[in-house]
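# Commentary on secondary and tertiary structure
Each chain, written out:
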Amino acid sequence: MNHFAVSPAANRWQSGLLGGLKKCNFTVECLSHLPEPLWPSGVLRPGNENIFDERFVSKHVSYWNMPFIRPFSLNAAYLTAFKLWCRDNGPPKILITYNPTPYAVKVGRYAQLKFGTYWVDLCADHYDPGDDWRSYSNGAHLADGHIFLSFKAYLDCPFKKKLHLDGGVEKLSISNFQLCRKEVEKLKKVILYSGMMSKWGGISYLLRAFERISDPFIELWVTGHGESSELQKAASVDSRIKVYGLVPESELESLYRQADVFVNPRPSSIPGNAMNFPSKILVYLSYGKPVVSTWTPGLSNEYRNVLEIVDIETDEYLKNKIEEVLCWSPDQIEFNAQKIFNFLSKKRLWEIQSMRLIEWLTKGVHESA
C-alpha cells in the first residue's frame, strides 16, 4: 500500500476476495509482482516476498523494469514462475488471472492447454472492446470463465460462462452505523473524497462544486494517490480544504469515521467507465454514512437504493445534492444507515461474495470435466 504504482483500491479488493476465499476454506496461492514506474524513475529489479500480505502464500515474480524490456520480461518471468510452481506443487485445478494482461493470458492459456486447468479471466478494469469481444486482450476470450466487476461489461460480454462480482466488505462495524445518528448535531460538517487526484476520479468536478458552498463550517477532506495542481491551488486559498494525501490504513479509517458524507464524483463521460466498477463506494458504504455519487455504467441497479445519485452532472447540482444530504434529520440519517447495513450484510460481505464465486467455479469445473 506504500508503493506509488500500486492502486490502493485494487489492492484492497484483491485482499478482500482472497480473505473471503480463505474464510470459506478455499486454498489459494498467489503469483504476483510489484508494479513500479519504469526505471530510472522506478526500481530496476522490483520487490521481494516481504511486500505481500502475510495471510496468503505468495510468490514474488521478479522482472526487469526497463523501457521496451518490461513487457517481455514480465511474460517470461510469469511463465517461468508458474512452471516452477507446477513442478513443486502439481498443476492447479483452477487458475484465476487478474486483468487480461499479456502475461496473465500467456500463463492462463499455457495452464489450460498443458494441464487442462480451468482458467478464469477476472477483469477488474480494461478498455471497452465494444462489439469486438473476440479481440479482447489478445486471447483472454479463450478463458473457460469470465468474471467482471463492471455490471455493464458483464451484460455486454457475449461469452457463455460469466459472473458479475463487483466487490465486498470484509466486516461491518456496528459502532460505525450507531455513530451516524449521534454525529448529526456537529457544528462542523466533513465532505470526504478518497481516490486518484486526476480527472478520472472527478476531483476537478468536486472542487468546482465545493467552491460554490459558502458555509464556513463545511470542510472538504481529500485523501489518495497522486498530485493535483488544481487541488493544491484550491487548498492554498480555501482553508476549509484539507489535503491528507496517501495515509496509513489506521489513519484513513479515523478520517472515514469523522466524515459526514462521502463523494464519488467520477464523471460518467470519462472513457473506460463501461469496464470499471468504483470499488471505493463499498468502502464508503461500510461506514454507514450517505454517499453522493455520479452514476457510471459499471454500477448495478442495486446501488440506486443506497447511493444519493447525481443525475445531472453540473457543478450546481452536485453542490445542491451535497448540501441537501448534510441537512438530513437524525431520522433520515438513521434510516439511510439501516438501508446500507441491510444491503451490505445480505449481499456484499466478502464471505458471501466468495461463496458465490466458489459455487460458480465448482459448477464450471464439473461441467468442463
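Values in this document were obtained by computation on a predicted structure and should not be read as measured data. (Residues numbered from 1 in each chain as written. Predicted model: local features only at pLDDT ≥ 70, side-chain atom pairs only at ≥ 80, totals over all residues. Heavy atoms only, no water.)

## Digging into the overall build of the protein
On a plain count of helices and strands, the protein comes out with 12 helices and 12 strands. A total of 369 residues make up the protein; the buried ones form 51% of that total. Residue pairs at least 24 apart in sequence account for 68% of intrachain contacts in the protein once pairs closer than 6 positions are excluded. Carbon and sulfur atoms provide 54% of the accessible area of the protein, an area that totals close to 18,000 Å². Taking the average location of the 43 positive side-chain charges in the protein and that of its 40 negative ones, the two points are 5 Å from each other. (Helix = DSSP H or I, 4+ residues; strand = E, 2+ residues; numbered from the N terminus. Buried < 20%, exposed > 50% of the residue type's maximum accessible area, 1.4 Å probe, protein only. Contact = heavy atoms within 4.5 Å. Areas by Shrake-Rupley, 256 points an atom, 1.4 Å probe, with all protein chains shown as cover. Lys, Arg positive; Asp, Glu negative; His and termini not counted. Charge placed at Lys NZ, Arg CZ, Asp CG, Glu CD.)

## What to know about the sheet that holds strand β11 (residues 291-294)
What the 6 strands build is an open sheet, ordered β9-β8-β7-β10-β11-β12; its pairing is parallel. For this open sheet the edge positions go to β9 (241-245) and β12 (308-310), each flanked by a neighbour on one side alone. Neighbouring strand axes in the sheet, compared pairwise and without regard to direction, differ in orientation by 25° on average. Looking at chain direction, β11 and β12 are connected through 3 bridges and run parallel. Within the sheet, the bridge partner assigned to T294 lies in β12 and is V310. The strands that helix α8 (residues 249-258) touches are β7 (189-194), β8 (218-223), β9 and β10 (261-264); relative to β7, the one it contacts most, it runs at about 135°. Where helix α10 (residues 315-326) meets the sheet, it contacts β7, β8, β10, β11 and β12, and its direction lies at approximately 165° from that of β12. (Pairing = 2+ DSSP bridges. Axes fitted to C-alpha atoms, helices over the stretch in contact; angles between N-to-C directions.)

## Topic: the pattern of salt bridges
Tallied over the entire structure, the rule returns 17 salt bridges. For E170, the salt bridge goes to R55, with nearest N and O atoms at 3.7 Å. With a gap of 115 residues between them, E170 in the loop between β6 (162-164) and α5 (174-182) and R55 in the loop between β1 (29-32) and β2 (57-60) connect regions that are remote in the sequence. Taking the relative accessible area as the measure of exposure, E170 reaches 40% and is therefore partly exposed. Owing to a relative accessible area of 35%, R55 belongs among the partly exposed residues under this scheme. (Salt bridge = Lys/Arg side-chain N within 4 Å of Asp/Glu carboxyl O.)

## Quick word on the environment of H225
Tracing the backbone shows H225 in the loop between β8 and α7 (229-237). Overall, H225 belongs to the buried group, its relative accessible area being 5%. A sequence separation of 29 residues divides H225 from M196, and the C-alpha atoms of the two residues are 5.0 Å apart. Once residues lying within four places of it in the same chain are set aside, the contact partners of H225 are H3, F4, V6, P8, G195, M196, M197 and L246.

## Section: the packing of aromatic side chains
This model, assessed by the stated rule, comprises 16 aromatic pairs. A centroid spacing of 5.6 Å and a plane angle of 65° characterise the contact between W221 and Y244, whose relative ring orientation is edge-to-face. Highlighted residues: W221 in strand β8 and Y244 in strand β9, separated in sequence by 23 residues. With a relative accessible area of 30%, Y244 lands in the partly exposed category. The structure contains a cluster of three or more aromatic residues connected by ring pairs, namely Y256, F262, Y284 and Y287. The aromatic ring of Y154 is capped on one face by K162, whose charged end is 5.0 Å from the ring centroid. It is R304 that lies over the ring of W295; its NZ or CZ is 3.9 Å from the centre. (Phe/Tyr/Trp six-rings, centres within 6.5 Å; stacked < 30°, edge-to-face > 60°. Lys NZ or Arg CZ within 6 Å of the ring centre and 35° of its normal.)

## Here's the deal with the side chain of H141
Its location among the elements puts H141 in the loop between β4 (118-123) and β5 (145-148). On the basis of relative accessibility, which here comes to 16%, the residue H141 falls in the buried class.

## Looking at helix α12 (residues 350-368)
Compared with an ideal rise of 1.5 Å per residue, which puts 19 residues at 27 Å, α12 spans 27 Å between its outermost C-alpha atoms and is within 8% of the ideal. When we look at burial in α12, the residues that qualify are W350, Q353, S354, L357, I358, W360, L361 and G364. Here the buried face of α12 lies against α1 (8-23), β3 (94-98), β4, β5, β6 and α11 (330-347). (Expected span 1.5 Å × (residues − 1).)

## A word on the nonpolar core
Note on soluble globular proteins: their nonpolar side chains tend to be buried together. Membership of the largest hydrophobic core comes to 50 residues, with the highest contact counts inside it found for L285, Y303, L307 and L357. Counting residues per element, the ones that place at least two in this core are α1, β4, β7, α8, α9 (280-285), α11 and α12. Residues in contact with L285, not counting those within four places in the same chain, are F177, V291, Y303, V306, L307, I340 and L344. Core analysis: the second largest hydrophobic core is formed by 26 residues, I191, L206, V310 and L318 among them. (Core = buried A, V, L, I, M, F, W, Y, C linked by side-chain atoms within 4.5 Å.)

## Remarks on the sheet that holds β3
The strand order across the open sheet formed by 4 strands is β3-β4-β5-β6, and the pairing between neighbours is parallel. One side of each edge strand has no neighbouring strand; the edge strands of this open sheet are β3 and β6. When strand polarity is set aside, the average angle formed by the axes of neighbouring strands in this sheet is 20°.

Everything listed is a geometric property; what it means functionally is a separate question.
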